[in-house]
Every structure is written in C-alpha cells, then in structure tokens.
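Chain and residue survey
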Amino acid sequence: MDYATLLQVLDTTIRLATPLLLACLAGLYSERAGIFDIGLEGKMLAAAMSAGAVAALTGSAWAGLLAGIGASLLFAALHGIAAITFRGNQLISGVALNFLASGLTVLIAQALFRQGGRTPPLSGNARFNPVTLPGAEALREVPLIGPLYYEVISGHSVLVYMAFLIVPLTWWVLFRTRFGLRLRAVGENPAAVDTAGVSVVGLRFAAVAITGVLCGVAGAYMATALQAGFGREMTAGRGYIALAALIFAKWRPVAAMWACLLFGFFQALALRPDVVQAVVQVRVPVPVLDALPYILTVLVLAGFVGKAIPPRAGGQPYVKER
Amino acid sequence: MAAAADTLGRQETAAPFAIELKGISKAFGPVQANKDINIAVPKGTIHGIIGENGAGKSTLMSILYGFYKADSGQIFISGNLTPIPDSQSAIRAGIGMVFQHFKLVQNFTVLENIVLGAEDGALLNTSLGKARRVLKELAQEYGLDVDPDTLVEDLSVGHQQRVEILKALYRQADILILDEPTGVLTPDEADHLFRILKGLKDQGKTVILITHKLREIMEATDNVSVMRRGTMVATVKTAETSPEQLAELMVGRKVLLEVEKTPAVPGKVVLSVENLHVRDEHGVERLKGISLEIRAGEILGIAGVAGNGQSDLLAALGGMTNASGKITLNGVDLPLSGAGSDGQSRREAGIAHVPEDRHHHGLILDFTAWENVAFGYHNDPKYQKSALFMDNDALRADTEKKMTAYDVRPPIPTLEAKNFSGGNQQKIVVAREVEQNPDLLLIGQPTRGVDIGAIEFIHKQIVALRDAGKAILLVSVELDEIMSLSDRIAVMFDGQIMGMRDPETTDERELGMLMAGMNGKNTGEAA
C-alpha cells in the first residue's frame, strides 16, 4: 500500500469515526451519571431523519442540525422520564426507544416526501460541506506532512472538527469542573450526592440532555455531512458500536476517541477491499470486511479487553433509603 | 417540653438550645413512626438518643436532616424556627450527619469527597486548594488525620468515618449527628471516635449520638433521650441513670442484660477444622489456614471486626463457598468443594446455619413465613405428601407451632416474611434452624437489627441448645454478645485466628488488641 492510499484510508477513517465518536461521548455523559443508554442508536436515527428532512425543506444544513438535536433531545427526555422520574428499567426503555425510532423515522419520511422512507438528496447549503483548513493548499507540497495535513486533517465538515474538539472538552468538564465532579459522583454513589444537598434527579437529567445533544449532532452528521440525506436504518448499528467503544475505553474520553478511530478504521477498510487484498495477499470477501467492526464489537462486549469497571451505580434507579 | 429544660439543669432564660424539636409527628401510611416528639439539646453537649430498632430514631434524624418532611411540628435551631425541607437547608442550618452506611464515593479521593456539593465555584482547582488548607487545619484542631489524596476505597472503615466527620466540619456544621457510628469499628477505633467527639464538644460543637448500645451512651454522653415505639419516653442526665434503667425505658419492661448460663460441660469433639483456606472470586485469600475444634455442649465465639474472614468461615462451613483444607463432623470428613459440599448436604449432615445476612441468605422476603421455614429442609420426609408433592398443610401447621413457641408476632404462617419486624424475622430463621435439632449450629450476627426483647429470647435459645449438648459456632461483631455467650473466644484478623481466650479471664481491651491484628507478643503477654 502506498502512502497516498494509506492517507485515503485514514481520511475515510476520520469521516466514519466521527458519528461513532459523537455517540460514544454522548453515552459517556449518560453512563458516567449512572444512566445506561442503549438507545444511542435510536436517538441518532431520529436525529438523522429530522436533520435530513428539515435540511431538505429549508435548504439549510444548520436548520437541519438544530432539528436533529431537537428530535434527539425529545427521545432523551423520554428515556429520562422513564429511567429517572419513574425509575424504570433503563435497558428496556432504551430498547423501546430504538424500536420507536426505527419505525417512526421511515413513517414520517414517507409521509413527508413519498420517496420510500428516504428524504430527498441534499446538495449545496443543505449539506455540511468540506472545510479547507488554513494553509492546507500551501503545505500540500511539503513531503509527508503536507499530504497528511491536506488529505487527512483538512477537508472535513465543521462537524468533524467539532466532534474531535469535544474530546478534550469532555475531559476538562469531567475532571476539572464542579459539574464533572458531581456527574461522576452521581454515577458512582448517588446517595453521596443526595446527602451533600445536590439534586440527583437534576444531575441525571442534565447528563441525559447532553447525551441527547451529542446524539443529535451525530445523527445530523450522518444525514447532512457523511451522506446526502436520510435513508432507512442508516445508522446501521453505530449506536451499539459506540457503546462497545465506550466499554473498550473504560468510560474515559481520550481513550474513547482512540477506540472510535479503531472502529472507524475497520469500517474504512470494508470500503476498500482492494487495499486489504494488496496488504494481506488474500482476497477477503467484502461481507467479511463489512462484518469486521461488528465482530470487533462482539469481542469487546464479550470482555476480551480486560476488566472494565462501569460506574458503580450504573443502571440502578436512585431510591432514597429510609 | 418544659420539663426537659429542668431535667437538663438549664433555665429557659439561658442561651437557647442548639436544637429544639417541638411536637414532631411523622407517619408512613398506617405506621406512626414519630408521635409528638419533643426534645431539647443544649449547646456544647453530647446528647444520646437510644431506642430499639423501629423506635423512630432514624426517622427523627432524617426529618432533622431534611430527608423527610414532618407531618407536623417545629424545628428550632439556636432558638430560631428553622424549616428544613431538604438536606441543603439542613447543611445551611449547620447540621452535619454521619450516616451508619457512609455516603462516600469509593473511587474518589478524600479531598474530592469532601468538596462534593460544597464547591466554591464552577472550577475545581480553587475548591480543592481551599479544601486542602482547611483539612490541614481541621486535622490539627481535632486530631482527624487523613491523607487527602488517598482513594476512599483504600481507607479503613475507621478512616472513612473520619472523612464523613470531616465532610460535616468542612461544611461548618455546629451540630453533628452520628447514626450508630460504632457498628463497624474496633473497640480501639470506637474509643478514638469518642475522643474526637469529646474534642468537638470542647470546641463548642453539639453532638447527637444515636445508638442502641447502652455502654456507649453511658461512656460518651451528657444527656440521653430514650425512644420507644415512636414516642420520646424520657430525657435524663447520663450521670443520673443506669444501663438497667435505660433498658427498661427502651423496652417498657425489666430486661436481663446479662445472659444467664451455667459453666459449659464440653463433651466429645463435634466439629474439627484443619488448615481451612478460602479464596474469593477475585482470587484474594480470605481464610489463611484456620484450625479449630468445637465440642458438644460448648459455644465457640468468633470475635473480630467485620470483614476479617468470619463470614468466609461461616460460608465454608455452611456450604456456601468452596474451600480447601479439612473439616470433620463427628469424625466424618465433609467435602469442601464439588458434590456434597452444598448447604443442603451440610444440613443433612447435621449442620444448621443461621446466616449473617438474613435478608440475603436467611429469608426470601417476598415469600410467606411457612415457605421460608421449608427452605433447606424441603426434602425432609415429614414435609412430603407423595413422591411429587409437598405436604403444605403439615408445613403450615409446623410453622405455626414454631412461631408460637418462639413468640413470633403475629404468629401467622401465611404472612410474607417482609411484613415481620427484624426481630421477628430473625426468630423465624432461628426457629427453622434450631428446631431441626442439629449437632452443630452456625450462627452469624444472631441479634443484628434485633430489638432488646428478642435479643434476650434468641440468647436463651442458643444457651438452651448448648445445654442440650450441641456444639455452637457463634460469629458476632458485637463484643458484648461474644463475651457474654461464649465458653471460648477465638479472635479473627485478616483471615487468621489471632488467639483463643477464656471469656472469664480476658477483657475487651485484650480482645480489641487481637481484633486489630496485634497479638499478645507485641504487648509482652503470652500468646
């Protein structure tokens, strides 16, 4: 594999890792606060459809982004009400919302556009278009670094940069702010937060809301940047892959980024069977390549990554002791 | 309660009380947890609140800390009417609470736990810096040394409790409430705690100590209030009362605090344990070679701070966990892993087991009393109607007989276990195990969460079983219980037996040293 091909694969890796990363960070906030969220998938799907539809109707990608965030927040609120207010089973609530999103998105898209459950193809300002970073053109001819900067780093949509900037931001919020301290505490021992006079319910809803916003961005990115419009089940299990990456990363933001890049890399390979064949000297069937990220997910979830200790109060509704 | 002021030797015109509760009532459904409670706690005193389980102590303190809203009544802090709708208000009013079960985040540092909820701004840096300074001052002022950068999970229980006290002091609490603070401490740690509390009192803080241990009340408090069935029955000066009088006030009748028993007449060896080892699921060695013997007609008491292997010993003997080594019952080897090492086989061999944690291992709370009485003995021929069916009528009748004999209230076999009080639940478990007439009874924390009246009854049953020539292994973290019931005492520390002592010739001090891992050699005594 030559350098140019490698850069192409890495470029694809970043584009494909972005929705994973956003969803993974979304899950990180929720799970760090003690709310398991298997509904990342559903929230992304709802956001993708809303973003695709609104972008198609208004011609503005930004309006689409807002709509995506709004739809995802609505689903997050439902999950919060079920899991926090009514202390329901968080897995069941998440699964239910995934089913709801799966059916509802196609239904609404079909009702609006009558294109078989898809939203119309987007172009121009209805999509987030690539941004050329400053100096990319100028540096292009510099050996090694130039093409790396031009091909891999530069030329993505603004949402990609946003996603990668949220990684250090999340680290800072979690470990350097009062909110982060309380958020981590409420996922470990809500009773400690409660007796300290801080609202457990408030903190958990705040975390679930952040999850909603980030899933919204992830979904909008799918429909208005990565692709040009919403298609049925377009998230294709990315919500679950993001959860696997989260466990892989042991609920830490920077590790989450590397985990998502790894999953993204496997997804990128699946798009380039020719490259894989050139490297391993064996023709690997495309379905096998397609399955790689999912196989990795199963391996991660089956615990092949060593001991991952989830937040101790994760999945448990908080009930005040008598 | 005007009388309270008089008995406490204070004038109404003197400085206001640190806390004064007037007419506090609280009901949970049909249960009246607190009935018209009046209490006045003078500033700068240690005030004990004593009562049996379910007397309403914890409810009262939860009201004071804003966990529950009282149905009626008023709270005065330093003479000012202060409504406390939530914990935040309680903290603002200068009330700090140290719960029985610590409210700490295990994988946070001491410092992070202390600032949690009391941060000075949105960013942590300044808060943590300030907390570090304040912590150093508090450590000097009250002798509360804790390394601020240690993770709480790496601290001993005694130190975790200090963190809880520091949390309250960091929030500038003037009134400190401690709920059953010594349950998890060694006698030494408890003494240290009381020294800390005295220090706090000398600095003008007010301390409220909730406990069911009469000895602590007598040792540490200035005044004591006694609660019984949701009412405040008396407030007296500690110096002018006695444990007997307090016990009578708590229960409402005269109680025997000392267990009456004759000297043991040990017979042949019933249980012999040699070099018993147990590893937990993480591969950590919990029992490091235990050897002991119990004879017919004697009670061997195991003393120790919770978590030093006593539970693992009970689990290994009772067939709840795998072990290695050798145990023989009446000369017959019992398997320690694989077939025949389960609880069922142990019961068939003649070992009955009253587990330490009755809610998790002793009972199924959602099942009825008669179903619970069947557990472990459900294959007993006397409960079988045919090859396929159990004789439930016989079981119910049998259960009712046992409940009456053990004074379980109410004696209704069809009532679910969760509807009985702690004492009555424990009596059901004890009745089930003792009435099978075992050769060996394993009994863990027999009176944990059990009221004084039931304690007296359960102790009598244990002694009666001994006098019937049975062997008994008693595990308890209550040193008083071990001292008064046992014929011999083994002290466990870190999975080992530190020494065997005769209750007649040893004292709490010596046992306390052994419980802390210091054996006789260190103090110059013979081991």
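Residues numbered from 1 in each chain as written. Chains lettered and ligands numbered in written order. Predicted model: local features only at pLDDT ≥ 70, side-chain atom pairs only at ≥ 80, totals over all residues.

Description of the overall build of chain A
Which entries qualify depends on this criterion: Runs of E in the DSSP output that reach at least two residues are strands. Runs of H or I that reach at least four are helices, and both are numbered from the N terminus. Only the C-alpha atoms count toward the radius of gyration. The rule for a globule is 2.2 Å times the residue count to the power 0.38.
From N to C terminus, chain A includes 14 helices and zero strands. Going from the N terminus to the C terminus, chain A shows its helices and strands as α-α-α-α-α-α-α-α-α-α-α-α-α-α. Its C-alpha radius of gyration of 20 Å places chain A within 12% of the 20 Å reference for a compact globule of 322 residues. Along the first, second and third principal axes, the C-alpha atoms of chain A reach 70 × 45 × 40 Å.

Things to note about the pairing of strand β10 (residues 231-237) of chain B
Residues and elements named next belong to chain B. Cut-off, in case you're wondering: Only when DSSP finds a minimum of two bridges between them are two strands counted as paired.
Pairing of strand β9 (residues 223-228) with β10 involves six bridges; the strand directions are antiparallel. The partner of V224 across the bridge, within β10, is V236. Between β9 and the antiparallel strand that follows it, β10, lie two residues; R229 among them carries a positive phi value of about 45 degrees.

A closer look at the packing of helix α3 (residues 61-85) of chain A against helix α10 (residues 200-226) of chain A
Residues and elements named next belong to chain A. As a reminder, the rule being used: Axis angles are defined between N-to-C directions and span 0 to 180 degrees, where every axis is a line fitted to C-alpha atoms and, for a helix, only to the segment in contact. Crossing chirality is assigned from the near helix's rotation relative to the far helix, an anticlockwise turn below a right angle marking it left-handed and a clockwise turn marking it right-handed. When residues are grouped by polarity, Ala, Val, Leu, Ile, Met, Phe, Trp, Tyr, Cys and Pro land in nonpolar, Asp, Glu, Lys and Arg in charged, and all others, Gly among them, in polar.
Two numbers describe how α3 lies on α10: the axes approach to 7 Å, and their chain directions differ by 145 degrees. Crossing hand, α3 versus α10: right-handed. By residue class, the composition of the contact of α3 with α10 is 16 nonpolar, ten polar and one charged.

Some details on the nonpolar core
The line we're drawing: Connectivity within a nonpolar core runs through C-beta atoms within 7 Å, and the core itself is a set of buried Ala, Val, Leu, Ile, Met, Phe, Trp, Tyr and Cys residues. Counts of 20 or more other C-beta atoms within 10 Å of a residue's own C-beta define buried residues, counts of 12 or fewer define exposed ones, and intermediate counts define partly exposed ones; C-beta atoms are placed from the backbone. Annotation comment: domain bounds sourced from an automatic or database domain assignment. By the convention adopted here, residues are in contact when the distance between their C-beta atoms, placed from the backbone, does not exceed 7 Å.
Membership of the largest hydrophobic core comes to 248 residues, with the highest contact counts inside it found for C24(A), A48(A), A218(A), A245(A), C260(A), I177(B) and V491(B). Broken down by element, the residue count for this core peaks at 17 residues, all from α10(A). Two domains share this core, each providing at least three of its residues, namely domain 1 (2-250) and domain 2 (269-359 + 437-523) of chain B. If we skip the residues at most four places from it in the chain, C260(A) touches A17(A), L20(A), L21(A), C24(A) and A245(A).

Here's the deal with the domain arrangement of chain B
Residue and element names in this part refer to chain B. Domain annotation for chain B reports domain 1 (2-250) and domain 2 (269-359 + 437-523). For domain 1 and domain 2, the distance between their C-alpha centres works out to 34 Å. Counting residues at the interface gives nine residues for domain 1, matched by twelve residues for domain 2. Going through the elements one at a time, α7 (187-202) and α9 (243-251) are the ones with two or more residues in the side of domain 1 that touches domain 2. The residue makeup of the side of domain 1 that touches domain 2, split by class, is four nonpolar, two polar and three charged.

Points about the sheet that holds strand β1 (residues 19-28) of chain B
All names here are of chain B. Strand order in the open sheet formed by four strands is β2-β1-β4-β5, and the pairing between neighbours is antiparallel. The outermost strands of the open sheet, each flanked by one partner alone, are β2 (31-41) and β5 (80-81). As paired elements, β1 and strand β4 (residues 72-77) share five bridges and run antiparallel to each other. Residue pairing in the sheet places S25 in a bridge with S72 of β4.

Some points on the interface of chain A and chain B
Each partner contributes to the interface: chain A provides 17 residues, whereas chain B provides 22 residues. Those elements giving two or more residues to the side of chain A that touches chain B turn out to be α8 (178-188) and α9 (190-195) of chain A. Here the residues of the side of chain A that touches chain B are counted per class, giving seven nonpolar, four polar and six charged.

Focus: unusual backbone geometry
For the bond from R409(B) to P410(B), the omega torsion is -10 degrees, close enough to zero to count as cis. If you trace the backbone, P410(B) turns up in the loop between α14 (392-405) and α15 (422-434). Despite not being glycine, K250(A) has its phi angle at roughly 55 degrees, a positive value.

Notes on α9(B)
Residues and elements named next belong to chain B. The test is simple: For this quantity, the arc is that covered by the directions from the helix axis to the C-beta atoms.
Listed as buried for α9 are L246, A247 and M250. In an axial view of α9, the angular spread of the buried residues amounts to 100 degrees, which keeps them on one side of the axis. Those residues of α9 that are buried lie in contact with β3 (46-51), α8 (214-220), β9 and α16 (452-467). In the stretch just after α9, G252 is the one whose phi turns positive, near 90 degrees.

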